[in-house]
Amino acid sequence: MRGTLTIAYLTWIEARRRRIVLAAVLGGLAFLVIYGVALFFIDRAVSEEAAVNPVNLVQMRIGYQFMTLAGLYVVNFLAIAVAIMLAVDTLSGEISSGVMQTLAAKPIRRAAIVLGKWLTYWLMTAVYLLLMSGGIVLMMRVLAGFEQPGLARALPLMLLAATVMLTVSTAGGVRLTTITNGIASFAFYGIAFIGGWVEQIGSFASNEATRYVGTAISLISPADAMWRRATYELLPPFMRGLAVTPFSIGSVPSTAMIAWTAGFIVVVLALAIYSFRHRSL
């Protein structure tokens, strides 16, 4: 345990030195500023329209819900991108530069090296996701008076999606070069994204074969399934299953899929540790 914490601390110091945290924060702040400015003008236009014509409260609710989900959708993607990029070079870069040979020669188990790095980046991703999501929800509440329900259930699911990609990127770094690992990790998420759309299209079109294909893809790459379940938790009951926004859900990932995703993370992380133990440095 001490070795894991030591590696976690050193990884945090290295992330600060390379200004990874600063880059992620500045990029996130830029998005929040743009989102806030757009929301301000949209809400002002809605208020001006309401002063002239009667307001349909249901339509207004749907509109604000769409804006919130759009913001959280971007946050979800940013968290996944941050998770991938944090880990993409953490093992492969140090192996190719020779730093890992020195580190692995110390009385620290190789499993502790992998777990320490993974834990640090997981905590960084979790904090980033929390801050960015909080920014979106806070702006919607302050600028538009809209309160997002279901956030306490949705955020852990979004973090689970980012954890999938963090673990895949960590595992890829054991055997792949940095660039190859980055391409492979984003391609893996792309597969999940396409699988989610295939499943939704099959569900809305009542095409069972298409839906099963999408589900099979989601089992292989479950990151997008967690976002879809998070979206379901964020939608109010009257909007669930209705095709009123691009974020409407036709096929809701089950609790079993959540359990599958958690198991997927554990298995891939274990494989990363096993592979790193048996890799010659």
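Refer to the structure printed above.
These numbers come from a predicted model, not from an experiment.

## A word on the overall build of the protein
Here is step 1: When helices and strands are tallied, the protein shows eleven helices and zero strands.
Here is step 2: For the protein, the N- to C-terminal ordering of α and β elements is α-α-α-α-α-α-α-α-α-α-α.
Here is step 3: Restricting to contacts in the protein with at least 6 residues of sequence separation, those with at least 24 account for 81%.
Here is step 4: Working note: accessible area of the protein is about 13800 Å², and carbon and sulfur atoms make up 71% of it.

## A closer look at the packing of helix α6 (residues 110-144) against helix α11 (residues 255-277)
Here is step 1: In contact at an axis separation of 8 Å, α6 and α11 are set at 135° when each is read in the N-to-C sense. One element, α6, and the other, α11, form an angle in the oblique class. The two elements α6 and α11 meet at a crossing, and its hand is right-handed. Between α6 and α11, the residues in contact are R110, A111, I113, V114, L115 and W118 and I265, L269, I273, F276 and R277, respectively.
Here is step 2: Its residues assigned to classes, the contact of α6 with α11 shows nine nonpolar, no polar and two charged.

## Some points on helix α7 (residues 151-175)
Here is step 1: In this model α7 runs 37 Å from its N-terminal to its C-terminal C-alpha over 25 residues, within 8% of the 36 Å that 1.5 Å per residue would give.
Here is step 2: Where burial is concerned, most of α7 is hidden: 20 out of the 25 residues are buried.

## Quick word on the pattern of salt bridges
Here is step 1: Going through the model one piece at a time under the given rule, you end up with four salt bridges.
Here is step 2: Where R141 meets E147, a salt bridge forms, and the shortest distance between an N and an O atom there is 3.6 Å.
Here is step 3: Given a relative accessible area of 52%, R141 falls into the exposed group.
Here is step 4: Between R229 and E233 there is a salt bridge, and its shortest N-O distance comes to 3.0 Å. Pair noted here: R229 and E233 are both in helix α10 (residues 223-234), with a separation of four residues, about one helical turn.
Here is step 5: What makes R229 buried here is its relative accessible area of 14%.
Here is step 6: Ionic contacts of the salt-bridge type, sharing partners, join the residues R153, R229 and E233 into one network.

## Observations regarding a nonpolar patch on the surface
Here is step 1: A cluster of nonpolar residues, Y9, L10, W12 and I13, forms a patch on the protein surface that exposes about 390 Å² of accessible area.
Here is step 2: By secondary structure assignment, the location of L10 is in helix α1 (residues 2-17).

## Points about the packing of aromatic side chains
Here is step 1: Counted according to the given criterion, the structure contains seven aromatic pairs.
Here is step 2: Ring geometry for Y64 versus F146: centroids 6.4 Å apart, planes at 45°, classification tilted. Taken as a pair, Y64 in helix α3 (residues 57-87) and F146 in the loop between α6 and α7 lie far apart in primary sequence, 82 residues in all. Note on accessibility: Y64 and F146 belong to one class, buried.
Here is step 3: Arranged with centres 6.4 Å apart and planes meeting at 45°, the rings of F77 and Y189 form a pair that is tilted. Here Y189 lies in helix α8 (residues 178-204) and F77 lies in helix α3, a separation of 112 residues in the sequence.

## Details of the nonpolar core
For soluble globular proteins, the rule of thumb is that nonpolar side chains tend to be buried together.
Here is step 1: Y35, I136, M140 and M165 are the most contacted members of the largest nonpolar core, which totals 69 residues.
Here is step 2: Contributing elements (two or more residues each) for this core: α1, α2 (20-52), α3, α6, α7, α8, α10 and α11.
Here is step 3: If you tally residues by element for this core, the top one is α6, at 16 residues.

## Overview of the environment of I273
Here is step 1: Its place among the elements puts I273 in helix α11.
Here is step 2: Under the relative-accessibility criterion, I273 is labelled buried at 12%.
Here is step 3: Sequence-wise, I273 and I113 are 160 residues apart; in three dimensions their C-alpha atoms are separated by 8.8 Å.
Here is step 4: Not counting residues up to four positions away in its chain, the partners in contact with I273 are A111, V114 and L115.

Criteria and cut-off values
- Residues numbered from 1 in each chain as written.
- Predicted model: local features only at pLDDT ≥ 70, side-chain atom pairs only at ≥ 80, totals over all residues.
- Heavy atoms only, no water.
- Helix = DSSP H or I, 4+ residues; strand = E, 2+ residues; numbered from the N terminus.
- Contact = heavy atoms within 4.5 Å.
- Areas by Shrake-Rupley, 256 points an atom, 1.4 Å probe, with all protein chains shown as cover.
- Axes fitted to C-alpha atoms, helices over the stretch in contact; angles between N-to-C directions.
- Parallel < 35°, antiparallel > 145°, perpendicular 65-115°, else oblique.
- Left-handed = near helix turned anticlockwise from the far one by under 90°.
- Nonpolar A, V, L, I, M, F, W, Y, C, P; charged D, E, K, R; others polar.
- Expected span 1.5 Å × (residues − 1).
- Buried < 20%, exposed > 50% of the residue type's maximum accessible area, 1.4 Å probe, protein only.
- Salt bridge = Lys/Arg side-chain N within 4 Å of Asp/Glu carboxyl O.
- Patch = residues over 30% accessible without salt bridge, like charges linked within 9 Å, V, L, I, M, F, W, Y side chains within 5 Å.
- Phe/Tyr/Trp six-rings, centres within 6.5 Å; stacked < 30°, edge-to-face > 60°.
- Core = buried A, V, L, I, M, F, W, Y, C linked by side-chain atoms within 4.5 Å.

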